[in-house]
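As a plain string of letters, each chain reads:
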Amino acid sequence: MSRPDQTAERNGGMPGGTLAVPHVTTAAAAREYARSVVRRQWDTASRTAREEDVIDLLLVVSELVTNAIRHGGGLAAFEVAATAEGIRLAVHDNSDDIPDVAYGSGALPVSHHGHGYGWPLIIRLAREIVIDRRGGGGKTISVLVPLRALR
């Protein structure tokens, strides 16, 4: 059993296992925070996330946050939670528009005609993709990015 000070240290200094959530305004800050959640909440003494899975997570974070900033009227909020399966992300933006490629096949575009590689990569790397309109306007895109432990 961990001493309370060890648990608080591992969990970012917050009691109860909660990391202090920074005010995220850029993709770089979102990636840094997501990586810290992996290291402090998903990794344990007996389990460490594979680096290639963390790289996939950081790519999904970059795409979702950048899309919110560029196409979603700005980033309204960013949430990260560790689960037994991986990391759950929720990106809130200020636009009610749902990208028409969001529920696509994940096929990469043959040519770049207004759509890039972002959504196909998100579809390939994430699971449980859900897009909800927020009551006060805007939307939330939630995804689960699976993590595997090193063997």
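Here we summarise the structure given alongside this text. Because the structure is a prediction, the values reported are computed rather than measured.

### Observations concerning the packing of aromatic side chains
In this description, an aromatic ring pair is defined by two values, namely the gap between the centres and the angle between the planes. Enumeration over the complete set of coordinates arrives at zero aromatic pairs. Over the ring of tryptophan 42 we find arginine 47, and its NZ or CZ is 3.7 Å from the ring centre.

### Focus: the nonpolar core
Within the largest apolar cluster, 34 residues are counted, with the highest numbers of intra-cluster contacts made by Leu64, Phe78, Ile87 and Leu89. Looking at this core, the elements with two or more residues in it are α2 (27–42), α3 (51–71), β1 (75–82), β2 (86–93), α4 (118–125) and β4 (139–146). Looking at this core, the element that brings in the most residues is α3, giving eight residues. Non-local contacts of leucine 64, meaning those with residues more than four positions away in its chain, are made with Leu89, Val91, Trp119, Ile122, Ile141 and Val143.

### Points about the environment of aspartate 56
Relative to the elements of secondary structure, aspartate 56 occurs in helix α3. When its relative accessible area of 27% is taken as the criterion, aspartate 56 is described as partly exposed. When the C-alpha positions of aspartate 56 and alanine 126 are compared, they lie 8.7 Å apart, and in sequence the two are 70 residues distant.

### Description of the pattern of salt bridges
With the rule as written, the count across this model stands at seven salt bridges. Measuring nitrogen to oxygen at the nearest pair gives 3.0 Å for the salt bridge that ties aspartate 43 to arginine 39. Glutamate 128 serves as the salt-bridge partner of arginine 88, at 2.7 Å between the closest nitrogen and oxygen. One end of the pair, arginine 88, is in strand β2; the other, glutamate 128, is in strand β3 (residues 127–133), and 40 residues separate them in sequence. Using a relative accessible area of 49% as the deciding quantity, one classes glutamate 128 as partly exposed. Through salt bridges with shared partners, one network takes in Arg35, Arg39, Asp43 and Glu51.

Parameters at a glance
- Residues numbered from 1 in each chain as written.
- Predicted model: local features only at pLDDT ≥ 70, side-chain atom pairs only at ≥ 80, totals over all residues.
- Heavy atoms only, no water.
- Phe/Tyr/Trp six-rings, centres within 6.5 Å; stacked < 30°, edge-to-face > 60°.
- Lys NZ or Arg CZ within 6 Å of the ring centre and 35° of its normal.
- Core = buried A, V, L, I, M, F, W, Y, C linked by side-chain atoms within 4.5 Å.
- Buried < 20%, exposed > 50% of the residue type's maximum accessible area, 1.4 Å probe, protein only.
- Helix = DSSP H or I, 4+ residues; strand = E, 2+ residues; numbered from the N terminus.
- Contact = heavy atoms within 4.5 Å.
- Salt bridge = Lys/Arg side-chain N within 4 Å of Asp/Glu carboxyl O.

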